[in-house]
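Results of the structural survey
Next come the chains, spelled out residue by residue.
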Protein chains: 2
Amino acid sequence: MRGFRLAVLGATGAVGSEMLKVLEERRFPIDKLKLLADPNDAGKVVLYSGEQYIVEEARPESFENVQITLVAVNNDVSLHFTPEAVKRNSVVIDNSSAYRMNPKVPLVVPEVNPDDVRYHKGIIANPNCSTTIAVVPLKPLHDYAGLKRIVVSTYQAVSGAGVAGIGELTDQTKQILDGKQISPGVFPYQIAFNLIPHVDYFKDNGYTHEEMKMLNESRKILGLPNLMVSCTCVRVPVYRSHSEAITIETEKELPPEKARELLSTAPGIKIVDNPAKL
Amino acid sequence: MRGFRLAVLGATGAVGSEMLKVLEERRFPIDKLKLLADPNDAGKVVLYSGEQYIVEEARPESFENVQITLVAVNNDVSLHFTPEAVKRNSVVIDNSSAYRMNPKVPLVVPEVNPDDVRYHKGIIANPNCSTTIAVVPLKPLHDYAGLKRIVVSTYQAVSGAGVAGIGELTDQTKQILDGKQISPGVFPYQIAFNLIPHVDYFKDNGYTHEEMKMLNESRKILGLPNLMVSCTCVRVPVYRSHSEAITIETEKELPPEKARELLSTAPGIKIVDNPAKL
């Protein structure tokens, strides 16, 4: 089996590193791997599958002869480099939100709408973290009972703010335990032993940008343009793994036992509960 | 102005201490103060308004000649002593859940249904912490627009589990920062840097006891026996102050500006938001 010529743009960030870890774990077939980052990180050495790779500065020419580009950078950087990669016939899988709501770009979660990749014209977007973990369980429930409305409260880990967010939780926690003053940097308010119901900026309609992503992206991925969605996004002092409480309203009756049965066989889902434990 | 002869049962616990602090802050008129606790704490000295009080062991006779008894103990202890206090003509304000759903006992939040105290026969119950903070803002919104349904997700601090819960959060946090093993005691799972969607035990219907309190107590306090309530209760690694995300459905249209206006003049509410801060 021949492998792919693959590039990771943003290879040294929190998401890029995680992508490399997953590619390695899944033994994704790679013939040639290119690690791209901004000039500051060029020259760094990264280990992948036991081999050393030197991080290169991303330039338009970097994407020559690359079949697949994974993009793990912010919107501005994606908007700058993604067209360059596409121009050079690379398929871009973009983790930023730059292209998500573009009607020509499929927004795909493999467990939910894999067939949507078929209409791609060079770019495939993947959704916001909170949306991804919501649509995976919602899909099998929708297929059976028809979703009318979802109400979501999130409990989002600091990892969503990258390596710096994780560091800030540790630093602030130590400072508070030592009775010292803290001064917020990555997050707008204290995050240690605290909650921040304010992820990303507020839009004119009173929802945050993060909350509106849940509305717009869920509708696109599930193919339900009229789905009613109300979401409250809250940052919590947890390192990794976002959590969500989702209340749904369906067309057809959906008893808890049926929901449990549907979820137990759905892809990407593991039911974890232990009601007996006190 | 003459004061009352008042007793606090459970005066040395987390809630009892807080009650004393509030009585002192509000300069509640007291002629004679009795601090009652279990035999282990009898003899302890507590400072109130600059005076020393010696904690007494609670006995049935303790309530002789006491006009008001504040009860801050668990259900079993309340069920044991509350009737003894009532028998001796003391009015009992009970913070436990022992009498809350008794139809002869008013369940009162002063900002919401103060007039319900009128039907008391010696016992006035106050609700669960999560319910209290929900009904205070819900009341003015209901009066204007008519509540049909509420969906609540809680973010409950460890203080809800008393002094021991607060200590466990500190201890586990230090252990994790030091790379040590933790062993849960007060909470069924790790609480430091973690969430526990499991407050109190699970009932046969799949909701926890804590979640059902929100349903039953909200209906009773708001006088809405058919109000639809769905609640997910989650313990979060925060020391004090519970938080809740509440999504409501109303009979009449209720634009956000109107809700803000109603809440800004309602008793016990301070609107805190700063959407401009990033």
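Higher on the page you've got the structure.
A brief look at the structure comes next.

Quick notes on the rules
- Residues numbered from 1 in each chain as written.
- Chains lettered and ligands numbered in written order.
- Predicted model: local features only at pLDDT ≥ 70, side-chain atom pairs only at ≥ 80, totals over all residues.
- Heavy atoms only, no water.
- Helix = DSSP H or I, 4+ residues; strand = E, 2+ residues; numbered from the N terminus.
- Rg over C-alpha atoms; globule rule 2.2 N^0.38 Å.
- Buried < 20%, exposed > 50% of the residue type's maximum accessible area, 1.4 Å probe, protein only.
- Contact = heavy atoms within 4.5 Å.
- Areas by Shrake-Rupley, 256 points an atom, 1.4 Å probe, with all protein chains shown as cover.
- Buried area = accessible area lost by both parts, 1.4 Å probe.
- Salt bridge = Lys/Arg side-chain N within 4 Å of Asp/Glu carboxyl O.
- Polar contact = N/O pair within 3.5 Å; in protein donor to acceptor, adjacent residues only side chain to side chain.
- Nonpolar A, V, L, I, M, F, W, Y, C, P; charged D, E, K, R; others polar.
- Least-squares fit on C-alpha atoms with pLDDT ≥ 70 in both.
- Axes fitted to C-alpha atoms, helices over the stretch in contact; angles between N-to-C directions.
- Parallel < 35°, antiparallel > 145°, perpendicular 65-115°, else oblique.
- Left-handed = near helix turned anticlockwise from the far one by under 90°.
- Expected span 1.5 Å × (residues − 1).
- Pairing = 2+ DSSP bridges.
- Lys, Arg positive; Asp, Glu negative; His and termini not counted.
- Phe/Tyr/Trp six-rings, centres within 6.5 Å; stacked < 30°, edge-to-face > 60°.
- Lys NZ or Arg CZ within 6 Å of the ring centre and 35° of its normal.

**Some points on the overall build of chain A**
Tallying secondary structure elements over chain A gives six helices and eleven strands in all. Relative to the 2.2 N^0.38 estimate, which gives 19 Å for 278 residues, the radius of gyration of chain A is 20 Å and therefore close to what a compact globule would have. In chain A, which comprises 278 residues, the share counted as buried stands at 46%. Restricting to contacts in chain A with at least 6 residues of sequence separation, those with at least 24 account for 62%. Only carbon and sulfur atoms are counted for the fraction: they give 51% of the accessible area of chain A, which is about 14200 Å².

**Quick notes on the environment of Val151(A)**
Note that Val151(A) resides in strand 9 (residues 147–155). Between the C-alpha atoms of Val151(A) and Ser243(A), which are 92 residues apart in sequence, the distance is 14 Å.

**Topic: the interface of chain A and chain B**
The interface is formed by 34 residues belonging to chain A together with 34 residues belonging to chain B. For the pairing of chain A and chain B, the buried interface totals around 2900 Å² over both sides, and the portion due to carbon and sulfur atoms is 70%. Counting across the chain A and chain B interface gives two salt bridges. The partner of Glu249(A) in a salt bridge is Arg149(B), with the nearest N and O atoms 3.6 Å apart. Counting across the chain A and chain B interface gives three residue pairs in polar contact (both at pLDDT 80 or more). Secondary structure elements with two or more residues in the side of chain A that touches chain B: strand 9, helix 4 (162–177), strand 10 (228–232) and strand 11 (243–250) of chain A. Split into classes, the residues belonging to the side of chain A that touches chain B amount to 18 nonpolar, eleven polar and five charged.

**Remarks on the relation of the copies chain A and chain B**
Structural alignment of chain A on chain B gives an RMSD of 0.1 Å, achieved by rotating through 180° and translating 0.0 Å along the axis. Here the copies are linked by what is in effect a two-fold axis.

**Observations concerning the packing of helix 4 of chain A against helix 4 (residues 162–177) of chain B**
Remark: helix 4 of chain A packs on helix 4 of chain B, axes separated minimally by 11 Å, with the N-to-C direction vectors making an angle of 130°. Judged by the inter-axis angle, helix 4 of chain A sits oblique to helix 4 of chain B. Our pair here, helix 4 of chain A against helix 4 of chain B, has a crossing hand that is left-handed. In contact with Thr170(A), Thr173(A), Lys174(A) and Leu177(A) of helix 4 of chain A, helix 4 of chain B contributes Thr170(B), Thr173(B), Lys174(B) and Leu177(B). For the contact of helix 4 of chain A with helix 4 of chain B, the per-class residue count stands at two nonpolar, four polar and two charged.

**A word on helix 4 of chain B**
Here helix 4 of chain B spans 23 Å end to end across 16 residues, near enough to the 22 Å set by a 1.5 Å rise per residue. After helix 4 of chain B finishes, the residue Gly179(B) shows a positive phi value of roughly 70°.

**Examining the sheet that holds strand 10 of chain A**
Residues and elements named next belong to chain A. In space, the three strands of this open sheet follow the order 10-9-11, with mixed pairing throughout. Strand pairing shows two members of the sheet lacking a second neighbour, strand 10 and strand 11, which therefore form its edges. Each adjacent strand pair in this sheet contributes to an overall mean axis angle of 10°, direction not counted. Where strand 9 and strand 10 come together, five bridges link them in parallel fashion. Across the sheet, residue Val-152 finds its bridge partner in strand 10, namely Cys-231. Each of strand 9, strand 10 and strand 11 touches helix 5 (residues 209–222); the most contacted strand, strand 10, lies at about 145° to it.

**Remarks on unusual backbone geometry**
Residue and element names in this part refer to chain B. Of note in this structure, Arg-27 is not a glycine but carries a positive phi near 50°. Note on Arg-27: relative accessible area 73%, which makes it exposed. Phi at Ser-241 is positive, roughly 80°, even though this residue is not glycine. Looking at where Ser-241 falls in the secondary structure, it is placed in the loop between strand 10 (228–232) and strand 11 (243–250).

**Details of the packing of helix 3 (residues 129–145) of chain B against helix 6 (residues 256–264) of chain B**
Residue and element names in this part refer to chain B. Remark: helix 3 packs on helix 6, axes separated minimally by 9 Å, with the N-to-C direction vectors making an angle of 120°. Viewed along their axes, helix 3 and helix 6 adopt a mutual orientation that is oblique. The interaxial crossing formed by helix 3 with helix 6 has right-handed handedness. In this structure, helix 3 uses Pro-137, Pro-140, Leu-141 and Tyr-144 to contact helix 6, whose residues at the interface are Lys-258, Ala-259, Leu-262 and Leu-263. Counted by class, the contact of helix 3 with helix 6 contains seven nonpolar, no polar and one charged residues.

**Let's talk about the pattern of salt bridges**
Two side chains bearing opposite charge may form a pair once their charged atoms approach each other closely. Applying the stated criterion across every chain, the model contains 32 salt bridges over all chains. Among the ionic contacts, a cluster of salt bridges with common partners joins Lys148(A), Arg149(A), Glu249(A), Lys148(B), Arg149(B) and Glu249(B).

**Remarks on the sheet that holds strand 8 (residues 123–125) of chain A**
Strand-to-strand pairing in sheets goes through backbone hydrogen bonds, with the strands running parallel or antiparallel. All names here are of chain A. In space, the six strands of this open sheet follow the order 5-2-1-6-7-8, with parallel pairing throughout. Edge positions in the open sheet fall to strand 5 (56–57) and strand 8, since each of these has one partner strand only. Lying over the sheet, helix 1 (residues 14–25) contacts strand 1 (4–9), strand 2 (30–37) and strand 6 (68–71), oriented at roughly 155° with respect to strand 1.

**Considerations on helix 5 of chain A**
Residue and element names in this part refer to chain A. In this model, helix 5 (14 residues) spans 20 Å end to end at C-alpha, consistent with the 20 Å of a helix rising 1.5 Å per residue. Among the 14 residues of helix 5, twelve are classified as buried, and the element is accordingly described as predominantly covered. Within helix 5, burial applies to His-209, Glu-210, Glu-211, Met-212, Lys-213, Met-214, Leu-215, Glu-217, Ser-218, Lys-220, Ile-221 and Leu-222. Among the structural elements, helix 3 (129–145), strand 9, strand 10 and strand 11 are those in contact with the buried residues of helix 5. Within two residues after helix 5, Gly-223 carries a phi angle of roughly 65°, on the positive side.

**Here we look at the side chain of Asp94(A)**
Residue and element names in this part refer to chain A. Structurally, Asp-94 is set in strand 7 (residues 91–94). One buried charge, Asp-94, has no salt-bridge partner; the nearest side chain with opposite charge is Arg-100, at 7.1 Å. A polar contact is formed between the side chain of Asp-94 and the backbone nitrogen of Ser-96, at a distance of 2.9 Å. In contact with Asp-94, other than residues within four places in its own chain, are Val-71, Ser-78, Tyr-99, Ile-123, Ile-124, Ala-125 and Asn-126.

**Quick word on the packing of aromatic side chains**
All names here are of chain A. Here the structure, examined in full by the defined rule, presents nine aromatic pairs over all chains. Measuring from centroid to centroid gives 6.2 Å for Tyr-48 and Tyr-53, while their planes differ by 80°, and the two rings are edge-to-face. Since its relative accessible area comes to 6%, Tyr-48 is described here as buried. Relative to Phe-81, the ring of Phe-63 lies with its centre 6.0 Å away and its plane at 50°, an arrangement referred to as tilted. A residue pair is termed long-range when its members are at least 10 positions apart, and Phe-63 in the loop between strand 5 and strand 6 and Phe-81 in helix 2 (residues 75–87) qualify at 18 residues. For Phe-63, a relative accessible area of 0% gives the class buried. Residue Phe-81 is classed as buried on the basis of its relative accessible area, which comes to 11%. The cationic tip of Lys-252 hangs over the ring face of Tyr-144; the distance from NZ or CZ to the ring centre is 3.9 Å.

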